[in-house]
Every structure is written in structure tokens, then in C-alpha cells.
Amino acid sequence: MKIVVIEPLGIPMEKLKKTAESIVGSKAEIVYYDTKTTDSAELSRRGRDADIIVVSNLPLKREVLENCKNLKMISVAFTGVDHIAMDYCREKGIVVSNCAGYSTESVAELVFGMLISLYRNVIKCDTAVRSNGTKDGLVGNEIRGKKFGIVGTGAIGLKVAEIAKVFGCKVYAYSRTQKSVDGITYLPLDSLLAECDIVSLHVPLTEETRGLINAQKLGLMKKNAVLINTARGPVADSEALADALKSGKIAGACIDVFENEPPIDSSHPLLNAPNVIATPHIAFATAEAMEIRAGMVFDNVTAYLDGKPVNVM
């Protein structure tokens, strides 16, 4: 049995090997690649003899997987699997597992890091200090007392709700599956958008959620509202969001995810709209989260090798 770690997993190679070998042991040969590539020919070369591929967020398209004739499992070191050719995997009976929960804390923390940066003009304040400026024109806002809306109450959404309550917010939520949680009031999506000062997206990318926040939905939001997206880029319509920001229909946006993985072209509409805090899909990426997911991804591999239940997507 051959396992191919087809890209780096965000922790030092020595630590990654130690983690993998302590979990997998002698059950399989493990081959590691310490460089990222999106070249289909190179990915095909790396994975062609693999029984199991370990991948983070590199796209594994059908054209790559078709060249991996021995492939039986893909262990994804990520929460979402929309970068994997799932239709092909289902056709061929390839097991795909993910690492749900490894980055709950890190994503939730960045939500508030970005929000504070926007509310308190942190980037502009830094620029002012470095250019001999003052606080003039940079007085910000508090989170306390705001109506905080959460779209999607999975693990990350619930962690964001927990933190929002500590900040003194009144928390509302919209979710396909409602949970009984003290301090959260569930509303229809349109009502939540119209009611809340802050709206944070925490849904997976599916056909139902693609373009969920479009021009019509943005038109329901308050003029002082802030939209936060640390979920998946296509959940919100970037063009419509940029237009809403430019026209003053909403006040600001915090964006960690785009239609494609960074680098993002400088012509992207959200990079040319006012009051946007943008980060390069980094919400999940903390040293602590990377270590947790390295363990989880190889736990999934070992469970598969041992014939035990695996968190199959």
C-alpha cells in the first residue's frame, strides 16, 4: 500500500513525517512532496502509483485522478472537498474523507480579528502612525450591542456565536438545520439580513449555497451592515458585493475567500471596492490547527486501512 502526500501540509516536514509514522506505522509506504503545484501533468506523475492520496486544498481534477489507476482513497486535510472531482470519485468508488473541526477555533478567531480591524480602522491607523498622522477621521465602532447574524450553524458558526455573545452581541442565525442553543434566535435568511448589523457566512459550497448572497439579498441589508465571508468565495456574489460597497448599500466587508485560491488578480472587484479587509484564505491556517489536521488526516488513513468507519464525504 502506497500513500502519497501530494503537497505540503503546513507543518515542518520532520514533524509531518513523525506524525504520520507514529499513526500509520508500517502499514504503508509514505511518499512526501514538499512543493505545491497546480500542473495537472505533475500532479498525475506524483499520484500515478498511489493507493491513497493525502491532499490539502490543491484541486484534484478528473484529468488528474484518471491517471491514478490504483487510487482507492483521498484523505483531505481540509474541511471542504469542493476542490476534489467528487463525481469521478463516486463513479470509481474512491473513498474521500475530510478533516472537519480542525480549524474551528482559528476560523472563528479570524472572523473577529477582521471585524475589529474593519470596525477600528486598524490598517488605516497603522498607516497614519507611520506617516506622522493622527486619529482624525479614524474613530471606529464597538462590537458590543450589535446584532450579529450567522448563516450556517455548524461547528464554526456556533463557535462564532459563542464569541459574539461574549462581546455582548445579540445573536441571530439562519441554518438549514436549527439547533437548540441558548442565546441564538433563528430567523429566515431574509429577516436575518434585514435585521443584523454584522452577517458572517459559515456554510459549505453546494449548488444550493452558490450565489446565496446575491444582489437581491445584499439589498435587504442595513446601510451600516458588514458582511464577513470565511466560508467559500462563491457563496457571495463578488460583483454584487463590490457594487453594494461602492454604492453605500452596505458599510463594509471582511473577505478571506474568493472564487479561486490566491494569488488574486489585482483587478478583482472586491480588491477595488471601499471598506474591504481582505486576507489570502488564511482563516484555517494557524500552527495549532495545522498540527491538529496532520493528526486527523492520518487517523482517517489508518481507519481506512484497518477497515474501520471513516468520515466519508
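The structure reproduced in this document is the subject of the present report. The structure displayed is predicted, hence computed values, not measured ones.

Quick notes on the sheet that holds strand β2 (residues 29-32)
Sheet architecture is open: five strands sit in the order β2-β1-β3-β4-β5, paired in parallel fashion. Two strands close off the open sheet at either side, each with one partner strand: β2 and β5 (95-97). Neighbouring strand axes in the sheet, compared pairwise and without regard to direction, differ in orientation by 15° on average. By the bridge criterion, four bridges tie strand β3 (residues 52-55) to strand β4 (residues 73-76) in an arrangement that is parallel. Residue Ile 52 lies in a different strand from β4, and its bridge partner there is Met 73. Running at roughly 160° to β2, helix α1 (residues 13-24) makes contact with β1 (2-5) and β2 of the sheet.

Details of the pattern of salt bridges
Two side chains of opposite charge can pair, provided their charged atoms sit close to one another. Enumeration according to the criterion identifies 16 salt bridges in this entry. Among the salt bridges present, the one from Arg 232 reaches Asp 82, with a minimum N-O distance of 3.0 Å. Here Asp 82 lies in the loop between β4 and α4 (86-92) and Arg 232 lies in the loop between β10 (226-229) and α10 (238-246), a separation of 150 residues in the sequence. Residue classification places Arg 232 among the buried positions, given a relative accessible area of 14%. The partner of Lys 159 in a salt bridge is Glu 105, and the shortest N-O contact between them spans 3.3 Å. Of this pair, Lys 159 sits in helix α7 (residues 155-166) while Glu 105 is found in helix α5 (residues 104-119), placing the two residues 54 residues apart along the sequence. With a relative accessible area of 44%, Glu 105 lands in the partly exposed category. Linked by salt bridges that have partners in common, Glu 42, Arg 45 and Arg 46 make up one network.

Considerations on the pairing of β4
Residue alternation in β4 divides its side chains into two sets, Met 73 and Ser 75 and Ile 74 and Val 76, and both sets are buried. Pairing of β4 with β5 involves three bridges; the strand directions are parallel. From the neighbouring strand, Met 73 faces β5, where its bridge partner is Val 95. Taken together, β4, α4 and β5 constitute a β-α-β crossover, and its handedness is right-handed.

Concerning α7
Relative to the 16 Å expected for 12 residues at 1.5 Å per residue, α7 spans 17 Å between its end C-alpha atoms, a close match to the ideal helical length. Looking only at α7, the buried set comprises Gly 157, Lys 159, Val 160, Ala 161, Ile 163 and Ala 164. Phi for Gly 168, located one or two positions after α7, is positive at around 90°.

With respect to the environment of Glu 195
The topology assignment puts Glu 195 in helix α8 (residues 189-195). Since its relative accessible area comes to 28%, Glu 195 is described here as partly exposed. Considering only alpha carbons, one finds Glu 195 and Pro 8, 187 residues apart in sequence, at a separation of 43 Å. Contact partners of Glu 195, with chain neighbours within four places excluded, come to Lys 147, Tyr 172 and Lys 222.

Criteria and cut-off values
Residues numbered from 1 in each chain as written. Predicted model: local features only at pLDDT ≥ 70, side-chain atom pairs only at ≥ 80, totals over all residues. Heavy atoms only, no water. Pairing = 2+ DSSP bridges. Helix = DSSP H or I, 4+ residues; strand = E, 2+ residues; numbered from the N terminus. Axes fitted to C-alpha atoms, helices over the stretch in contact; angles between N-to-C directions. Contact = heavy atoms within 4.5 Å. Salt bridge = Lys/Arg side-chain N within 4 Å of Asp/Glu carboxyl O. Buried < 20%, exposed > 50% of the residue type's maximum accessible area, 1.4 Å probe, protein only. Right-handed = clockwise from strand over helix to strand, strands pointing away. Expected span 1.5 Å × (residues − 1).

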